[in-house]
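# Descriptive structure summary
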Amino acid sequence: MNNLHIIKNREQRTSWILLLPAVLLLLFVFGYPIARAFWLSLFTQNLGTKLQPVFSGLDNYVRMAGDGRFWQSFSTTIAFTSASVVLELLLGMAIALVLNQQFLGRGLVRTSAIIPWALPTALIGLAWNWIFNDQFGVVNDILLRLGLIQSGINWLGEPTLAMSAVIFADVWKTTPFISILLLAGLQSISSDLYEAHAIDGATPWQSFRSITLPLLLPQILIALLFRVAQAFGVFDLIQVMTGGGPGGATEVVSLYIYSTVMRYLDFGYGAALVVVTFLLLIVAVAIASFFLNKSRTTKTA
């Protein structure tokens, strides 16, 4: 018994030694920038201080509480994230269900479906910028030819339309990512379950609710976890398409942080914005992880 205990302790020490380089690398890559941002957020460092750091405690966070532009960008981020993730999940589920069926050329279709996700986001933003152009865009050209409009619509120049355009572009790009994740989960579900359910007289919709959704819940939560974090930190797509305009209608938190640091050179306040955004993401990830672990426990039970 003692020998087994000694061997177990030795294996644990060996595993920690083998993991130590990876842990140190993660601390250096992620831990140091986070700690540096938090430390800088306690200082005022802008043109008013001649870019010299002056300790100000929690003043940056107090300033943030009354910053209307920050809260506006935060609400815009929530709206963008909610709309894009919900649409991506619904479309991704539909595409995954189709790709899970047997049909001629399924392999080619599966490969083609991932292309939008593989393309650079900045390139995608530039392409959709031209597609929604009010004078030369394809969307207006099609609508004009169909007689649905009499003159070109300024898609990226009107607040509601601009937000809809960037959401549409994001959904087009990232839906394949969710569909591939869900497709992997669908392929792990045994077809015998559906056959047994069909013998009992269940309809396809009943099988979807009783078998597919419960067994696919972990993959759904993982997809949501990835997409919420990515959508909340979206930058390049909106920067290329609208630059946060018109009138700040599409300015998300990441663009506001970029403007604060790079345009106004307010490094202390920008660091505070980064810290708060990071903490909000941690909360969102923690909530998603809780439901993911709960779903796994229920599935195992």
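Residues numbered from 1 in each chain as written. Predicted model: local features only at pLDDT ≥ 70, side-chain atom pairs only at ≥ 80, totals over all residues. Heavy atoms only, no water.

### As for helix α9 (residues 191–199)
Sitting at the head of α9, Ser190 places a side-chain oxygen 3.2 Å from the backbone nitrogen of Asp192. Looking one or two residues past α9, Gly201 carries a phi angle of roughly 95°, positive in sign. (Polar contact = N/O pair within 3.5 Å; in protein donor to acceptor, adjacent residues only side chain to side chain. Helix = DSSP H or I, 4+ residues; strand = E, 2+ residues; numbered from the N terminus.)

### Examining unusual backbone geometry
With an omega dihedral of -5°, the bond running from Gly245 to Pro246 counts as a cis peptide bond. As for its placement among the helices and strands, Pro246 is situated in the loop between α11 (236–241) and α12 (253–263). Positive phi is not limited to glycine here, since Leu51 has a value of about 60°. Take Leu51: it is sitting in the loop between β1 (43–44) and β2 (54–55).

### Comments concerning the nonpolar core
Counting residues in hydrophobic clusters, the biggest one holds 22 residues, and the most contacted among them are Phe80, Phe132, Ile238 and Met241. The set of elements that each furnish at least two residues to this core consists of α3 (68–99), α6 (121–131), α8 (159–187) and α11. No other element matches the six residues that α8 contributes to this core. Not counting the four nearest positions on each side in its chain, Phe132 is found in contact with Val139, Trp155, Leu156, Ala165, Phe168 and Met241. By size, the runner-up hydrophobic cluster in this structure holds 15 residues, among which are Ala96, Leu99, Leu216 and Ala223. (Core = buried A, V, L, I, M, F, W, Y, C linked by side-chain atoms within 4.5 Å. Buried < 20%, exposed > 50% of the residue type's maximum accessible area, 1.4 Å probe, protein only. Contact = heavy atoms within 4.5 Å.)

### A closer look at the packing of aromatic side chains
This structure, assessed with the given rule, holds 16 aromatic pairs. Ring geometry for Trp130 and Phe136: centres 6.5 Å apart, planes at 45°, overall tilted. Pair check on accessibility: Trp130 and Phe136 agree, each one exposed. The ring of Tyr269 has Arg63 sitting right over it, with the charged end atom 3.8 Å from the ring centre. (Phe/Tyr/Trp six-rings, centres within 6.5 Å; stacked < 30°, edge-to-face > 60°. Lys NZ or Arg CZ within 6 Å of the ring centre and 35° of its normal.)

### What to know about α8
Taking 1.5 Å per residue as the helical rise, α8 with its 29 residues ought to reach 42 Å, and the 42 Å between its terminal C-alpha atoms agrees with that figure. Of all the bends in α8, the greatest reaches close to 40° and is centred on Thr174; the proline Pro176 follows between one and four positions later. If you check the start of α8, you find a side-chain oxygen 3.2 Å away from the backbone N of Thr160, and it comes from Glu158. (Expected span 1.5 Å × (residues − 1). Bend = angle between axes of the 7 residues up to and from the residue.)

### Let's talk about the packing of α3 against α12
α12 packs onto α3 with a crossing angle of 145° between their chain directions and a minimal axis gap of 8 Å. Contact residues: α3 offers Arg69, Phe70, Ser73, Phe74 and Thr77, while α12 offers Val253, Tyr256 and Ser259. Partitioning the contact of α3 with α12 into residue classes produces four nonpolar, three polar and one charged. (Axes fitted to C-alpha atoms, helices over the stretch in contact; angles between N-to-C directions. Nonpolar A, V, L, I, M, F, W, Y, C, P; charged D, E, K, R; others polar.)

### Thoughts on the pattern of salt bridges
Applying the stated criterion across every chain, the model contains five salt bridges. Sharing partners across several salt bridges, the network here consists of Glu88, Asp170 and Arg227. (Salt bridge = Lys/Arg side-chain N within 4 Å of Asp/Glu carboxyl O.)

### Focus: a nonpolar patch on the surface
On the surface, a cluster of nonpolar side chains totalling about 870 Å² of accessible area is made up of Leu25, Leu26, Phe28, Val29, Phe30, Ile34, Phe278, Leu279 and Ile282. Going through the elements one at a time, α1 (2–40) and α13 (267–300) are the ones with two or more residues in the nonpolar patch. No other element matches the six residues that α1 contributes to the nonpolar patch. Along the polypeptide, Phe30 turns up in helix α1. (Patch = residues over 30% accessible without salt bridge, like charges linked within 9 Å, V, L, I, M, F, W, Y side chains within 5 Å. Areas by Shrake-Rupley, 256 points an atom, 1.4 Å probe, with all protein chains shown as cover.)

### So, the environment of Val285
Checked against the element boundaries, Val285 lands in helix α13. A sequence separation of 56 residues divides Val285 from Ala229, and the C-alpha atoms of the two residues are 7.6 Å apart.

### As for the packing of α6 against α8
As a packed pair, α6 and α8 sit with axes 10 Å apart at the nearest point and diverge in direction by 135°. Put simply, α6 runs oblique to α8. Crossing of α6 over α8 shows right-handed handedness. For the pair formed by α6 and α8, the contact residues are Thr121, Ile124 and Trp128 on the first element and Phe168, Ala169, Trp172 and Lys173 on the second. Grouping the constituent residues of the contact of α6 with α8 by class yields five nonpolar, one polar and one charged. (Parallel < 35°, antiparallel > 145°, perpendicular 65-115°, else oblique. Left-handed = near helix turned anticlockwise from the far one by under 90°.)

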